[in-house]
Every structure is written in structure tokens, then in C-alpha cells.
Amino acid sequence: MLIRPLEIVIALCLLLAAFGSIAHGKVYSSKEDALQRAFPGAESIETVNLYLSDEDKQQVRKAAGVSVDSGIYSFYVGRKEGEVLGYATIEAGTVRTLPETVLVVMNRDGSVRYAEILAFFEPSEYKPSKRWLDQFEGERLDRDLRVGGDIQGISGATLSAQAITRQVRKTSAMLQLLLEKN
């Protein structure tokens with residue numbers, strides 16, 4: 001059985017939270033609950049893996065402006081009556097020195113439906129609000145999908161804003177690639 005880096009990060013976050021090693025960190029939602037919110041009424045939610053060549057990684061890096069470390073990227077696809085409801089990813093990353101995990105839900109047309117923080121282990125004052133996250137709704141991958149462009153910064157939480165924006169950009173670029181390949 002192959003363990004993916006995302007699964008390791010999520011497991012580590014949950015383990016650390018259970019033992020209280022990170023006193024100010026918090027897990028806000030399980031993967032299962034988050035996916036049910038992402039695809040209400042779905043008859044099925046399947047995992048679709050995108051296997052990246054070096055060329056694919058370079059394409060994503062160029063489009064999103066973020067590095068791609070893994071050759072596998074997983075999407076969750078919600079379906080009802082055979083129709084795709086949308087796509088979602090659970091993306092783990094580091095804000096300053098500690099991890100956070102974000103659910104990014106995308107519409108079939110490649111626009112962002114919403115982003116939600118599932119786990120955040122930096123101090124709570126660095127955690128972006130739902131109101132701030134709502135800025136991503138309807139956004140598409142372009143040069144203005146960045147902090148200082150269409151996305152407003154957060155005073156005192158610049159690194160959090162940048163980390164989540166990178167995750168949304170990466171997800172958007174990966175979805176473009178997935179849709180091109182299918």
C-alpha cells in the first residue's frame with residue numbers, strides 16, 4: 001500500500017492534536033464531513049488521481065507559480081445521476097512553521113466554489129476568517145488570483161493569506177490539467 005504525502009501530513013496533524021503537542025492548533029472538520037459539505041446530495045464521491053509527468057509539473061508551476069513536489073495529486077469528484085457536481089482537493093501545507101489543511105472545492109467550469117480550513121496549527125490569531133475565505137468564490141486561475149490582486153491581504157496574518165492563496169492557485173492549475181487530460 002502506497003502512503004501519499006497528504007495522508008502522512010493529515011495523520012500527523014491529527015496525531016499531534018490528539019496528544020496536545022500543539023496547544024493552539026485545532027482540527028475543525030474530518031475529511032468525510034468536509035466532502036459531504038462539498039457535494040451535498042451526491043450519490044457518490046470518488047477519488048481520481050492525477051499522475052504528473054515532469055512536463056505536467058512544470059506546466060502547473062508555470063500556471064500557478066507554486067512548486068509541485070509530488071507526482072500524484074488527488075481530486076475528489078462528486079457525482080449525482082452520473083453528472084459531475086464538482087471537484088475538491090484537500091491540500092496540506094505549512095503557514096509559518098506549522099501545518100494547516102484546506103479543502104478547496106471547484107465548480108465544473110474550473111471556478112472556485114469555496115475554500116475551507118479543515119485544520120490549523122498556527123496561533124488562532126493567524127487563522128483567516130470565513131469572510132476572508134469567501135473572496136475565493138467564483139475566482140479562476142489568472143494573474144489576479146493572488147494576495148494584492150483580487151485577494152485582499154490579512155493584517156497580521158500575511159503568511160496565512162499567502163499559503164492558502166497558493167493552495168487555491170495550485171488546485172486551480174491541477175484541475176485545468178485534469179480536465180485537459182480527460
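Counting of residues starts from 1 at the beginning of each chain's written sequence and follows it residue by residue. For this predicted model, a pLDDT threshold of at least 70 governs which residues receive local features, and a threshold of 80 or more governs which side-chain atom pairs are given and counted, while totals over whole chains, interfaces and linings are taken from all residues. Only hydrogens and water are set aside when side-chain values are computed; all heavy atoms of the structure are taken into account.

1. Some remarks on unusual backbone geometry
The phi dihedral of Glu 81 falls on the positive side, at around 50 degrees, and the residue is not glycine. Tracing the chain through its elements places Glu 81 in the loop between β3 (72-80) and β4 (83-94). Only protein chains enter the calculation, and the probe is 1.4 Å; a residue is then buried if its accessible area is under 20% of its type maximum, exposed if over 50%, and partly exposed in between. What makes Glu 81 exposed here is its relative accessible area of 64%. Runs of H or I in DSSP of at least four residues are treated as helices and runs of E of at least two as strands, each being numbered from the N terminus.

2. Considering the sheet that holds strand β1 (residues 26-27)
Judged by pairing direction, the sheet is antiparallel, and its 6 strands sit side by side in the order β1-β6-β5-β4-β3-β2 without closing on themselves. The open sheet has two edge strands, β1 and β2 (44-51), and neither has a second partner. Here strand β5 (residues 99-106) pairs with strand β6 (residues 112-120) via 7 bridges, running antiparallel. Note on β6: the bridge partner recorded for Val 104 is Ala 115. Throughout, a residue-residue contact means that at least one pair of heavy atoms, one from each residue, lies within 4.5 Å. Between N-to-C directions, angles cover 0 to 180 degrees, with each direction set by a line fitted to C-alpha atoms, over the stretch in contact for helices. Each of β2, β3, β4, β5 and β6 touches helix α2 (residues 31-38); the most contacted strand, β6, lies at about 165 degrees to it. Paired strands, in this sense, are two strands between which DSSP finds at least two bridges.

3. Examining the side chain of Lys 57
With respect to the secondary-structure elements, Lys 57 resides in helix α3 (residues 54-64). Aside from chain neighbours lying at most four places away, what touches Lys 57 is Leu 52, Val 68, Asp 69, Ser 70 and Gly 71.

4. Things to note about the packing of aromatic side chains
Two aromatic rings from Phe, Tyr or Trp, using only the six-membered ring of Trp, form a pair when their centres are within 6.5 Å; if the ring planes differ by under 30 degrees the pair is stacked, by over 60 it is edge-to-face, and anything between is tilted. Applying the stated criterion across every chain, the model contains 3 aromatic pairs. Measuring from ring centre to ring centre gives 5.4 Å for Tyr 73 and Phe 75, while their planes differ by 65 degrees; the resulting arrangement is edge-to-face. Neither residue differs from the other here; Tyr 73 and Phe 75 are each classed as buried. The rings of Tyr 73, Phe 75 and Tyr 87 are connected pair by pair, giving a single aromatic cluster. The rule is short: NZ of Lys or CZ of Arg within 6 Å of the ring centre and within 35 degrees of the ring normal puts a charge over the ring. Positioned above the aromatic ring of Tyr 28 is the side chain of Lys 127, whose terminal nitrogen or guanidinium carbon lies 4.6 Å from the ring centre.

5. Thoughts on the environment of Ala 92
Mapped onto the secondary structure, Ala 92 falls in strand β4. On the basis of relative accessibility, which here comes to 21%, the residue Ala 92 falls in the partly exposed class. Sequence separation between Ala 92 and Ile 117 is 25 residues; the distance between their C-alpha atoms is 9.9 Å.

6. Examining the confidence of the model for the protein
For every residue, the predictor reports its confidence as pLDDT, a number between 0 and 100. Mean pLDDT over the protein stands at 90; residues scoring 70 or higher make up 87%. A low-confidence stretch, residues 18-22 (pLDDT under 50), is modelled with 4 contacts involving residues beyond four sequence positions or located in other chains.

7. Notes on the pattern of salt bridges
Think of it this way: side chains of opposite charge can pair up when their charged atoms draw near. Criterion for a salt bridge: a side-chain nitrogen of Lys or Arg within 4 Å of a carboxyl oxygen of Asp or Glu. What the rule picks out here adds up to 9 salt bridges. With a shortest N-O distance of 2.9 Å, Asp 56 and Lys 181 are connected by a salt bridge. Remark: Lys 181 occurs in helix α5 (residues 158-181) and Asp 56 occurs in helix α3; sequence separation between them is 125 residues. Judged by its relative accessible area of 7%, Asp 56 falls in the buried class.

8. Topic: the environment of Glu 83
Note that Glu 83 resides in strand β4. Here Glu 83 falls in the partly exposed class, since its relative accessible area comes to 48%. Residues Glu 83 and Ala 42, 41 residues apart in the sequence, show an inter-C-alpha distance of 9.6 Å. Ignoring anything within four residues of it in the chain, the contact list for Glu 83 reads Gly 78 and Arg 108. Side-chain atoms alone can form a polar contact between residues adjacent in sequence; in general such a contact is a pair of N or O atoms within 3.5 Å, and within protein one must be able to donate a hydrogen while the other accepts it. Only 3.4 Å separates the side chain of Glu 83 from the side chain of Arg 108, close enough to count as a polar contact.

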